[in-house]
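Each chain, letter by letter, is given below.
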Amino acid sequence: MVYLASPKLFVMPHTRIRCPHCSWRPDGAAYWACTCGHVWDVFSTQARCPACKLRQEMTFCPDCCVASPHLHWYEGYHGAMDALQADEDVPTWLRGGDVR
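Residues numbered from 1 in each chain as written. Predicted model: local features only at pLDDT ≥ 70, side-chain atom pairs only at ≥ 80, totals over all residues. Heavy atoms only, no water.

**With respect to the overall build of the protein**
Move 1: Along the protein, the regular secondary structure elements total one helix and six strands.
Move 2: For the protein, the N- to C-terminal ordering of α and β elements is β-β-β-β-β-β-α.
Move 3: Expressed as a percentage of its 100 residues, the buried residues of the protein come to 35%.
Move 4: Of the contacts formed within the protein by residues at least 6 apart in sequence, a portion of 42% connects residues at least 24 apart.
Move 5: Working note: accessible area of the protein is about 5,800 Å², and carbon and sulfur atoms make up 53% of it. (Helix = DSSP H or I, 4+ residues; strand = E, 2+ residues; numbered from the N terminus. Buried < 20%, exposed > 50% of the residue type's maximum accessible area, 1.4 Å probe, protein only. Contact = heavy atoms within 4.5 Å. Areas by Shrake-Rupley, 256 points an atom, 1.4 Å probe, with all protein chains shown as cover.)

This is the structure we're talking about:
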């Protein structure tokens, strides 16, 4: 189980990750680059750059080149995020605030 910032948000091992636009699935390769220049697999760190700790709010698909909110890549999280929007335990970056 991998935790995402809040104990209420977690990814089970069977959770499917794919582009919400074209359904491309990440293969573990380092396709994404942070503004600091570090290149890595954003899904290995739930979109937090291991070099500068900046959380990437949007994730570009290397296949269709469309950007989507990072959490939209995790199947089943659309409804869960709606339910958590007003929860004070949810970090500011998940409610649309600062991404650091």
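**Description of the environment of Trp32**
Move 1: Looking at the secondary structure, you find Trp32 in strand β3 (residues 32-33).
Move 2: Take Trp32: its relative accessible area is 7%, and that puts it in the buried class.
Move 3: Expressed as a C-alpha distance, the spacing of Trp32 and Ala47, which sit 15 residues apart in the sequence, is 9.5 Å.
Move 4: Ignoring any residue separated from it by four or fewer positions in sequence, one finds Trp32 in contact with Trp24, Pro26, His38, Val39, Trp40, Asp41, Val42, Phe43, Thr59, Phe60 and Pro62.

**Brief notes about the environment of Val66**
Move 1: Tracing the backbone through its elements, the reader meets Val66 in the loop between β5 (58-60) and β6 (67-69).
Move 2: Sequence-wise, Val66 and Pro20 are 46 residues apart; in three dimensions their C-alpha atoms are separated by 9.2 Å.
Move 3: Those residues in contact with Val66 that sit more than four places away from it in its chain are His21, Thr59, Phe60 and Cys61.

**What about the packing of aromatic side chains?**
Given two aromatic rings, their pairing is described by the distance between the two centres and the angle made by the two planes.
Move 1: Within this structure, the stated rule accounts for seven aromatic pairs.
Move 2: Judged by centre distance (6.4 Å) and plane angle (85°), the ring pair of Trp24 and Trp73 falls under edge-to-face. Taken as a pair, Trp24 in the loop between β2 (6-11) and β3 and Trp73 in the loop between β6 and α1 (77-84) lie far apart in primary sequence, 49 residues in all. Trp73 matches Trp24 in its accessibility class, with the two residues each being buried.
Move 3: Three or more aromatic residues joined by ring pairs form one cluster here, namely Trp24, Tyr31, Trp32, Phe43, Trp73 and Tyr74. (Phe/Tyr/Trp six-rings, centres within 6.5 Å; stacked < 30°, edge-to-face > 60°.)

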